Each structure stands twice: as structure tokens, then as C-alpha cells.
Amino acid sequence: MSATTPTTRLSPAARRGYGLGSVATGSFGTVPGLLLLPYLTDRLGVAAGLAGLVVFLPKAWDVLLNPVAGGISDRSTHPGGRRRPFLLRAGTALAVCFALLFAGPTSPTALAATWVVVLFLACATAYAFFQVPYVAMPAEMTDDYDERTRLMTWRVAILALAILVSGGLSPVIRDALGPEWGYRAVGVFVGLLILGGAVGAWRGTRDTPLSVGATAGGSLRVQLRVVAASPPFRTLLTVFVLQALATGAMLAGVDYVARVLLGGGAASTVLFVCFVAPALLVTPLWQRLGEARGKRTGFVLGSVLLAVGALSTLLAVRAGLAATAVSVALVGVGYAACQMFPLAMLPDVAAADTAATGEARAGAYTGVWTAGETAGLALGPLLYAGILAVGGYVSSTDSAAVQPESARTAILIGFTVVPAVLVAVSLVVLRRYHLAEEDAR
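In this text, all values refer to a predicted model and were calculated from it rather than measured experimentally. (Residues numbered from 1 in each chain as written. Predicted model: local features only at pLDDT ≥ 70, side-chain atom pairs only at ≥ 80, totals over all residues. Heavy atoms only, no water.)

### Quick word on the packing of helix H4 (residues 84–101) against helix H5 (residues 109–136)
Step number 1: Running from N to C, H4 and H5 point in directions that differ by 160°, and their axes come no closer than 8 Å. On the basis of their axis angle, the class for H4 and H5 is roughly antiparallel. Between H4 and H5 lies a crossing whose hand is left-handed. Contact residues: H4 offers Phe86, Leu87, Ala90, Gly91, Ala93, Leu94, Cys97, Phe98, Leu100 and Leu101, while H5 offers Trp115, Val116, Leu119, Phe120, Ala122, Cys123, Ala126, Tyr127, Phe129, Phe130, Pro133 and Tyr134. (Axes fitted to C-alpha atoms, helices over the stretch in contact; angles between N-to-C directions. Helix = DSSP H or I, 4+ residues; strand = E, 2+ residues; numbered from the N terminus. Parallel < 35°, antiparallel > 145°, perpendicular 65-115°, else oblique. Left-handed = near helix turned anticlockwise from the far one by under 90°. Contact = heavy atoms within 4.5 Å.)

What follows is the structure, given as C-alpha cells:
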């Protein structure tokens, strides 16, 4: 593996190839957050609070594992490249484990819950070794400040499409085939999506030269200490984790809002499509804004729209599905920016560090980053499940339980007010982000 210099401008094929990895990350990041909690509470009969822990614990393991995966990929000397071989191997393992996630027993409840914990833990382990090298690649693919934004534009656009397909069709598949076979079919469907995304990213980046700087010296603990000492990184990570917590809570609440508050039917799919589809339209516009006004400015504006949209949904739900769809679409416009800009800013931070030290720590940076993201997305459903438990949500095995008014209120507050407050706090933290553009370049 010889040292190379990354190209300033990437070809459209390279951007698309890299973006295909988002099919895997988007599908795995979406469907468990959307359906795993309802699967536990309304198919397996697990109490809401315990179900939240079942979803959270494997993700907590991922938080610990991600920095380790980053250090391992930083030190990789595989002839196929420092990062790319992980995409194929870990992506294939993730696809197989996900296909088995919903294929276990449904009774007794303890055995069924144990199956979910074990398989979700296996999924989380494979995902760490896919996602961390994947997120580390942009800092090594190009040395151009604006090209990283273009690369993230492709990634977020494909991510939005992957979320739309996986999250939009999974509830439809489940409902069409019924509870017994529906969830199993969802596992196979999403597993195939993950496999396609992993293979696509592996093949699509095969002709893209990656920079190979000197491997960062010191133990993993030393590297993490260096990474944690970066003020721009600490600030950016804190903001992203808070927003991941907010979106994780909203994602967990979609199915409950649709079934309990809006009457079910196609409401779940409608809300999910309205949440994700705007990204396909507005991501190129956010890219232009970022190039004209700066990434930080675009990030702030997107965060404001995300918070306002979440809060407006509090009133929109009372007006019915159409009004709720509009407010959730506003959330989606902000969500697109809150995905693209921090992901474009992270390689800037890593590249500035490499330029200053001459050592490659992209894996360490992204390992900590993805650990934080995973923590936020894991705590989101746990937080939402806790709110349901406080509200007295009634679990069942057929989704037919009548919910008390307190549970209906909890469903709504967890979906609207709580995410809005979290995003507002993240905006206060974002004011501390200062990375000179010339350093990032």
C-alpha cells in the first residue's frame, strides 16, 4: 500500500460510488429505530421500558466498539486499502445478521427478547466495522474543502433515498403480510438493501486514490486523548449527538403517532415519506448555500428549521394527517441540512489535524464520531420508550390495546416538544464551533 495524494476534484462516478454506502447505513440506521420498538412492544409483548433497554444495550456496545474499529482501520495494511476491505466484509456480515433479526421465536417473551438482543448485538458489531471506515474515507479521498461538501451532497441524497425506500416500504411489507411473516420479510428486504449498498460502495470506490499518511502513533487511548483535545471536534460532536438524540426519538415515535393518534392505515408511511423525501429535493440547494455562505451557516439554518418543524407538529397532529404531513416535511428540510453539513465539516477537522501533525487519525476521529452518533440514535428510542412508560403505555401482542389519555399525551410530547428542546440546546453549543476555513482547506 503506497502513499498517494488524493485528487482535488472527484469524478461523478466516484461520488456516486461512495454515496452508495449510504444505502447500508441509511437502511440499518432507520428500520430498527422505526420498527424494532413496536416489534417488541406490540408483537412480542415486551413492556415499553424493558423494550427500550433491549433496543439500547446493543447500541451501547457499539459506542464502545466504534473507537476500536477506527483505530484498527487506521492501522490496516491490507493490500486492498486501509478502509475499503472493511466495507465488503463487515457489510456482508451486517446484511446476514439483519436478515435474522426478525426471524427468531415470538414466544415465550423472554426467549424472543433474548434472540433480539443477541442478533442486534451482532448487527451492531458488524455495523461498527462498516460505518467507521466508511465515514473516514472522505478525508482521504479529496483534499479540497468544497469537494467534501459535494461528496456529502451525494451521500446525503442517496441516504435520503435509502431511508425513504427502507423506512417507507418496511411498514407496508409488515402490514401487507401480517405480523407473523411481515417482520421476517422486512428483515430479508433490509438485509438485501444493506448488502447492495456495501458491495456498491466497495466497487464504486475501487478506482479512487486514497491518501495514505503516516499511521498515527501511540495507543488507542493516546489517539483518543488527542482527538478529544480538539475544540472544533468536541463542539461538532456534541451538536451532532444532541441532534441524533432528537431525530432518534422522532423516528421511534413515527409508528406510534400514526397508529394511535392518526388512526393507522397508511399514516405511518405518509409521515415517514414526508420526513425523508424533502432531502432529495433540497440537498443540492443546501450545498449551494454552504458554498456561498459557509457550512456553519447552513448547519445553523437547518437546525432552526428542524426545531421549528418539530414544535409545529405539536399543533398539527390535532388538525389531522394532512397538517401533520406538512409540519413533518418542514422537519425533513431541516434534517437534510443537519445530515449534510456536519458530515462535510468532520473531514475538515480530521484533515486539519493531519496537516498539522502529519499523522492519519481519520479513523480515530470517525470512530469517536460514530460512537457519539450511535449513542444519540440509541438513546433516542430509549428516551421515547421511557416517556411512553411514564405515560402508562399499554403493551400487547396484537397492537389492539386501548391507550389511556396519558399515553396519548406521552406519544405526542416525545415526538414534538422533546426533540425541539434538544435541537435548541444544540444550537447554543454550535455557537462555539470555530475552525478557520483556511485551516480546513
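### Describing the pattern of salt bridges
Step number 1: In this structure the tally under the stated criterion is 9 salt bridges.
Step number 2: Residue Asp348 pairs with Lys295 through a salt bridge whose shortest N-O separation is 2.7 Å. Remark: Lys295 occurs in helix H11 (residues 295–319) and Asp348 occurs in helix H12 (residues 321–357); sequence separation between them is 53 residues. The pair Asp348 / Lys295 is uniform in exposure class, with both members buried. (Salt bridge = Lys/Arg side-chain N within 4 Å of Asp/Glu carboxyl O. Buried < 20%, exposed > 50% of the residue type's maximum accessible area, 1.4 Å probe, protein only.)

### Remarks on a nonpolar patch on the surface
Step number 1: There is a patch of nonpolar side chains on the surface, built from Leu161, Val165, Leu169, Val172, Leu280 and Leu281 and spanning about 490 Å² of accessible area.
Step number 2: Tallying contributions element by element places helix H7 (residues 145–204) first for the nonpolar patch, with 4 residues.
Step number 3: As for its placement among the helices and strands, Leu161 is situated in helix H7. (Patch = residues over 30% accessible without salt bridge, like charges linked within 9 Å, V, L, I, M, F, W, Y side chains within 5 Å. Areas by Shrake-Rupley, 256 points an atom, 1.4 Å probe, with all protein chains shown as cover.)

### Some points on the packing of aromatic side chains
To describe a pair of aromatic rings, you give the distance between the ring centres and the angle between the ring planes.
Step number 1: Applying the stated criterion to the full structure yields 16 aromatic pairs.
Step number 2: For the pair Trp286 and Phe341, a centre-to-centre distance of 6.2 Å together with 85° between the ring planes defines the contact as edge-to-face. Of this pair, Trp286 sits in helix H10 (residues 267–293) while Phe341 sits in helix H12, placing them 55 residues apart in sequence.
Step number 3: Here the aromatic residues Phe28, Tyr39, Phe98, Phe102, Phe120, Tyr127 and Tyr183 are joined through ring pairs into a cluster of three or more.
Step number 4: Between Arg259 and the ring centre of Tyr256, over which it is positioned, the NZ or CZ distance is 5.3 Å. (Phe/Tyr/Trp six-rings, centres within 6.5 Å; stacked < 30°, edge-to-face > 60°. Lys NZ or Arg CZ within 6 Å of the ring centre and 35° of its normal.)

Remember that the coordinates give geometry; whether it matters functionally is a separate question.
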